[in-house]
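These are the residues of each chain, in order.
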Amino acid sequence: MRTTRAVFPVVTLLILISACSGPTSTVLVATEDTPLLPTPAVVEDFDPRPYREVPPPVHAEIRHDAPESLLLGKADKGQRQMRKGYRIQLLSTRSKEEADQMSAQAIQWWGEERKKGNLAWVLSGVNGVPPVYQDFSEPYWRVRLGNFVAREAAQQALEAVREHFGGAFIAPSEVRLR
């Protein structure tokens, strides 16, 4: 009876080990005489036909929301631009009142000269507005006249301006162009 008791745990252990090992598999090795068989191809059952995009027709007209001037390359036509140039300085003062008085005198003078036709070619304003500017740079107010890109044009205008404003001179400035 002792032998059955000793054999029983051993036999039970062998059964458990063999049950956990799983099925045995064979490994195929390809040789020159026996090549491996190809595995079957996976067949996909997805049908892409409903998802295809139809290209637009070639004769389609393209419409843009962009302005016509932008499409023609003339986006800056009629726009104000800032550029380095020259203005004629009439006054530099610490008093805002003096700057306002000089601006009023310059606007009045510009209107009179324009009516006479003397300055139309030199100091043309935009839409009839005189090109008189007040610039403030701590602590001075400067009253300046004109928008000149070329110094030669500013020099021609200065000769006419000095007849009425004796202390005027040419000053480098950022000018507005159209």
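Residues numbered from 1 in each chain as written. Predicted model: local features only at pLDDT ≥ 70, side-chain atom pairs only at ≥ 80, totals over all residues. Heavy atoms only, no water.

1. Some words on the side chain of Gln89
Inspection of the secondary structure assignment puts Gln89 in strand 1 (residues 81-93). Classification of Gln89 as buried rests on a relative accessible area of 5%. There is a polar contact of 2.9 Å between the side chain of Gln89 and the side chain of Arg144. Those residues within four positions of Gln89 in sequence are excluded, and the remaining contacts are Arg142, Val143, Arg144, Gly167, Ala168, Phe169 and Ala171. (Helix = DSSP H or I, 4+ residues; strand = E, 2+ residues; numbered from the N terminus. Buried < 20%, exposed > 50% of the residue type's maximum accessible area, 1.4 Å probe, protein only. Polar contact = N/O pair within 3.5 Å; in protein donor to acceptor, adjacent residues only side chain to side chain. Contact = heavy atoms within 4.5 Å.)

2. Some words on unusual backbone geometry
Here the residue pair Glu138 and Pro139 is connected by a cis peptide bond, since its omega of 0° sits within 30 degrees of zero. Locating Pro139 in the fold gives a position in the loop between strand 2 (132-137) and strand 3 (140-148).

3. Section: the side chain of Ser173
Assignment of secondary structure puts Ser173 in strand 4 (residues 169-177). Sequence-distant contacts of Ser173, defined by excluding residues within four places in its chain, comprise Arg83, Lys84, Gly85, Tyr86, Arg87 and Arg144.

4. Re the confidence of the model for the protein chain
Reading fine detail from the predicted coordinates is not recommended where pLDDT is low. Scored by pLDDT, the protein chain has a mean of 78; 73% of the residues are at 70 or more. Confidence, expressed as mean pLDDT per element, reaches its minimum in the protein chain at helix 1 (residues 2-20) with 73 and its maximum at strand 3 with 92. (pLDDT = per-residue confidence, 0-100.)

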